[in-house]
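One letter stands for each residue in the lines below.
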Amino acid sequence: MANQGAFDIVTLRAADGPAKGDYYGLPWPCWGTPEIKHPGTHTLYNTNLHVKDGGGTFRARFGVDREGESLLAYNSWSKGSEITSGYPEFTYGVLKQLGWDKDLTGKERATIEKIGGAAPDGVGWAVDLSGGIIRVCLEHGVMAYGNAKARAIAWNLPDPVPVHREPIYTIRPDLVAKYPTLPDARQFRMLNAGLTHQKSAVDRGLAKDFPIVLTSGRLVEYEGGGEETRSNRWLAELQQDMFVEINPADAAARGVQDGGWVWVLGPEDGSKARVKALVTERVGKGVAFMPFHFAGYFQGVDQRGNYPKGADPIVLGESVNTVTTYGYDPVTNMHEGKVTLCQIRAA
Amino acid sequence: MARVKFLCDADRCIECNACVTACKNEHEVPWGINRRRVVTINDGKPGERSVSMACMHCTDAPCAAVCPVNCFQTTADGIVLHSKELCIGCGYCFYACPFGAPQYPKVTNFGSRGKMDKCTYCAGGPDDKPGKAEYERYGANRLAEGKLPICAEMCSTKALLAGDGEIIAQIYKERVLKRGYGSGAWGWQTAYRETVAL
């Protein structure tokens, strides 16, 4: 923060001082070797600036054409670009075709040829340890990662254009027949049985017993699982209890009082969490919210004694993940543990 | 000499509690004592507003008027300081204060009050020279170092302003003119017997 005052609040660039020319908040992607002193690319795809000045193009990430149509940029290039059209990612071979390989130093060329072995033309900018390809590209005003178009049809994803799919656990089971989740499939090494779970939930009429949509999220005081931030006494004092936000109408129907203890019941394996009720119109009727920064209680039982000595945070509470449920992203297989259904009862 | 004030722009406060945390950290304020806090009204409803509140360092401070031991004094900058040498923890100032600023540590199991603690505008205490003894009793003395209160310095949206009352009122006026609305300088009429004319 020592040079904060030197940065312009509109351009975000430092006018003078040791950070002169840099964009505020480095490290942005800075292209090339440290010797190039690239100022950073804080706004990607800014074609109004020269690539040496923090300008850029849209990366050619998905090939150069598909079904006969070019995927490269049309009528768009960054300021001062010697190529006034779209172009693919740069390799040693592309440099040769343009005749730009003569700008490489002997050392850079030797490194590229050593990496490439029998096929040096295939060495791309991302694996060129000499940084020569990036350097030569910057000299010619182009981006080593190419200049392409953004795509609206993501043809390699299960839904190339997003479509509505009901959640696995939904309060609208009547919509599941029309908007089912994706079929069960083996993804990476694992089975993703989302459809089986969704069908089972509908067949069992689960939404009748768990009529509230439970969403989880962050508090400003805590971060992530919260072990570190709940160990900070200034922050811990501001949020001393795990809680569930519940709408006044839902609270009244259940005899739940603001600040009173409740059980939040999850739809799988009889899971439950004992937390305080925060009765508020922050959440709509039929929706509840729980923060995900707490741990250290499990289904009503204090686990403080199980922490290694001196490692227990100041504030403990139920983990929302106790009541969240099955679900995996079909592309990354990442667990979707943020939203589910629940029931709430006064404890 | 300038008359320093606090101004909380309730149209900007996002209830992040950075002011509260910065204050507690700067002055090592114990658990349960809040020199500054953020109050939210109409929570979850249209028109929800949050205001960061601490001692406003009032003109003709009502706490000083009721103090039986005359522990309050107003500095040349308009900061209301109190002497923990003299304070007897009677709690009268808590009843007099329109902002709920005075805080009292519990010193016995019977709930008797210790010496009052409140915001010092980061100006330390009235009795001591800046140093360890003053820090332990009153917290940091940033003013002596030429710095403004940490709460306003740390405010993430610059909702909370501290400094020369005329300058911060001017900043607030310019903001309101530019954005076209303003719910007013909360607490100014009560604390300073004037408001920011818009």
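Note that residues are indexed from 1 along each chain, following the sequence as it is written. For this description, chains carry letters from A and ligands carry numbers from 1, given in the order in which they are written. Two thresholds apply to this predicted model, a pLDDT of at least 70 for residue-level local features and 80 or more for giving and counting side-chain atom pairs, whereas whole-chain, interface and lining totals are computed over all residues. Side-chain numbers here rest on the full set of heavy atoms in the structure, without hydrogens or water.

Draft legend 1. Examining the overall build of chain B more closely. Segments assigned H or I by DSSP are reported as helices when at least four residues long, segments assigned E as strands when at least two residues long, and all are numbered from the N terminus. On a plain count of helices and strands, chain B comes out with seven helices and six strands. Sequence-ordered secondary structure for chain B, helices as α and strands as β, is β-α-β-β-α-β-β-α-α-α-β-α-α. The C-alpha radius of gyration computed for chain B amounts to 17 Å, which stays within 12% of the reference 16 Å derived for 198 residues, consistent with globular compactness. Oriented by its inertia axes, the alpha-carbon framework of chain B measures out at about 50 × 40 × 30 Å. Burial status follows relative accessibility: with a 1.4 Å probe on protein chains alone, a residue under 20% of its type maximum counts as buried, one over 50% as exposed, and anything between as partly exposed. For chain B, the residues scored as buried account for 47% of the 198 residues in total. A fraction of 57% describes how many contacts in chain B between residues 6 or more apart in sequence connect residues 24 or more apart. Only the C-alpha atoms count toward the radius of gyration. The rule for a globule is 2.2 Å times the residue count to the power 0.38. Any pair of residues with heavy atoms lying within 4.5 Å of one another is described as a contacting pair.

Draft legend 2. Looking closely at the overall build of chain A. When its secondary structure is counted, chain A shows seven helices and 13 strands. Rg of the C-alpha trace for chain A: 28 Å, well past the compact-globule value of 20 Å for 347 residues, more than 25% over. Principal axes of the C-alpha set define a box for chain A whose edges measure 80 × 55 × 40 Å. The buried share of chain A, reckoned over its 347 residues, is 40%. Long-range contacts, defined here as pairs at least 24 residues apart, represent 61% of the contacts in chain A between residues at least 6 apart. Of the roughly 18,900 Å² of accessible surface on chain A, 55% is carried by carbon and sulfur atoms. Per-residue and other accessible areas follow the Shrake-Rupley method at a 1.4 Å probe size, with only the shown protein chains counted as cover for residues.

Draft legend 3. Local environment of unusual backbone geometry. Of note in the backbone geometry, N75 of chain A takes a positive phi value of approximately 60° without being a glycine. Topologically, N75 of chain A is positioned in the loop between β2 (69–70) and α1 (92–98). The phi dihedral of R193 of chain B is positive, around 60°, even though this residue is not glycine. In this fold, R193 of chain B is placed in the segment after α7 (188–192).

Draft legend 4. Up close: the interface of chain B and chain A. Taken together, the 17 residues of chain B in the interface contact 13 residues of chain A. Here chain B meets chain A over a buried area of about 1,200 Å², counting both sides, of which 56% is carbon and sulfur. The working definition used for a salt bridge is a side-chain nitrogen of Lys or Arg within 4 Å of a carboxyl oxygen of Asp or Glu. Summed over the shared surface of chain B and chain A, the number is three salt bridges. Measuring nitrogen to oxygen at the nearest pair gives 2.2 Å for the salt bridge that ties E237 of chain A to K24 of chain B. For this analysis, a polar contact is any N or O atom pair within 3.5 Å, provided that within protein one partner can donate a hydrogen and the other can accept it, and provided that sequence-adjacent residues contribute only side-chain to side-chain pairs. For the pair chain B and chain A, the interface holds seven residue pairs in polar contact (both at pLDDT 80 or more). The residue inventory of the side of chain B that touches chain A, partitioned by class, reads six nonpolar, six polar and five charged. Buried area: the accessible area, evaluated with a 1.4 Å probe, that two parts lose upon being put together, summed over both parts. Following the grouping adopted for this structure description, the nonpolar residues are Ala, Val, Leu, Ile, Met, Phe, Trp, Tyr, Cys and Pro, the charged ones are Asp, Glu, Lys and Arg, and the polar ones are all others, Gly among them.

Draft legend 5. Structural context of the sheet that holds strand β10 (residues 296–298) of chain A. All names here are of chain A. Strand order in the open sheet made by the three strands is β11-β10-β12, with mixed pairing throughout. The outermost strands of the open sheet, each flanked by one partner alone, are β11 (301–302) and β12 (317–318). Pairing of β10 with β11 involves two bridges; the strand directions are antiparallel. Of the residues in β11, the one forming a bridge with F298 is V301. At least two bridges found by DSSP between two strands is the condition for calling them paired.

Draft legend 6. Quick look at the sheet that holds strand β9 (residues 287–291) of chain A. Residues and elements named next belong to chain A. Ordered in space as β5-β9-β6-β8-β7-β13, the six strands form a closed barrel in which the pairing is mixed. Shown here is a sheet whose adjacent strand axes are inclined to one another by a mean of 45°, direction ignored. Examined bridge by bridge, strand β5 (residues 212–217) and strand β13 (residues 339–346) share four bridges and lie antiparallel to one another. Counterpart to T215 in the pairing with β13 is V339. With axes taken as lines fitted to C-alpha atoms, and helix axes fitted only over the stretch in contact, angles between N-to-C directions fall between 0 and 180 degrees.

Draft legend 7. Structural context of the pairing of strand β6 (residues 160–164) of chain B. Residue and element names in this part refer to chain B. The buried fraction of β6 is high, at four of five residues. Sheet analysis places strand β1 (residues 4–8) next to β6, joined by five bridges and oriented antiparallel. Looking at the pairing, C8 lines up with L160 of β6.

Draft legend 8. Highlighting the nonpolar core. Among the nonpolar cores identified, the biggest contains 49 residues, and F6, L7, M56, F72, L160 and W188 of chain B are the most heavily contacted of them. Of all the secondary-structure elements, those providing two or more residues to this core are β1, α1 (18–27), β3 (49–54), β5 (80–82), α5 (150–154), β6, α6 (165–179) and α7 of chain B. Once residues lying within four places of it in the same chain are set aside, the contact partners of M56 of chain B are F6, F99, W186, G187, W188, A191 and Y192 of chain B. As used in this record, nonpolar core signifies buried Ala, Val, Leu, Ile, Met, Phe, Trp, Tyr and Cys residues forming a set joined through side-chain atoms within 4.5 Å. Ranked by size, the runner-up nonpolar core spans 25 residues in total, among them Y222, L235, A236 and A288 of chain A.

Draft legend 9. Spatial organisation of the domain arrangement of chain A. Domain limits in this description derive from either an automatic procedure or a database domain assignment. Examined at the domain level, chain A breaks down into domain 1 (4–139) and domain 2 (173–346). A separation of 45 Å is found between the C-alpha centroids of domain 1 of chain A and domain 2 of chain A.

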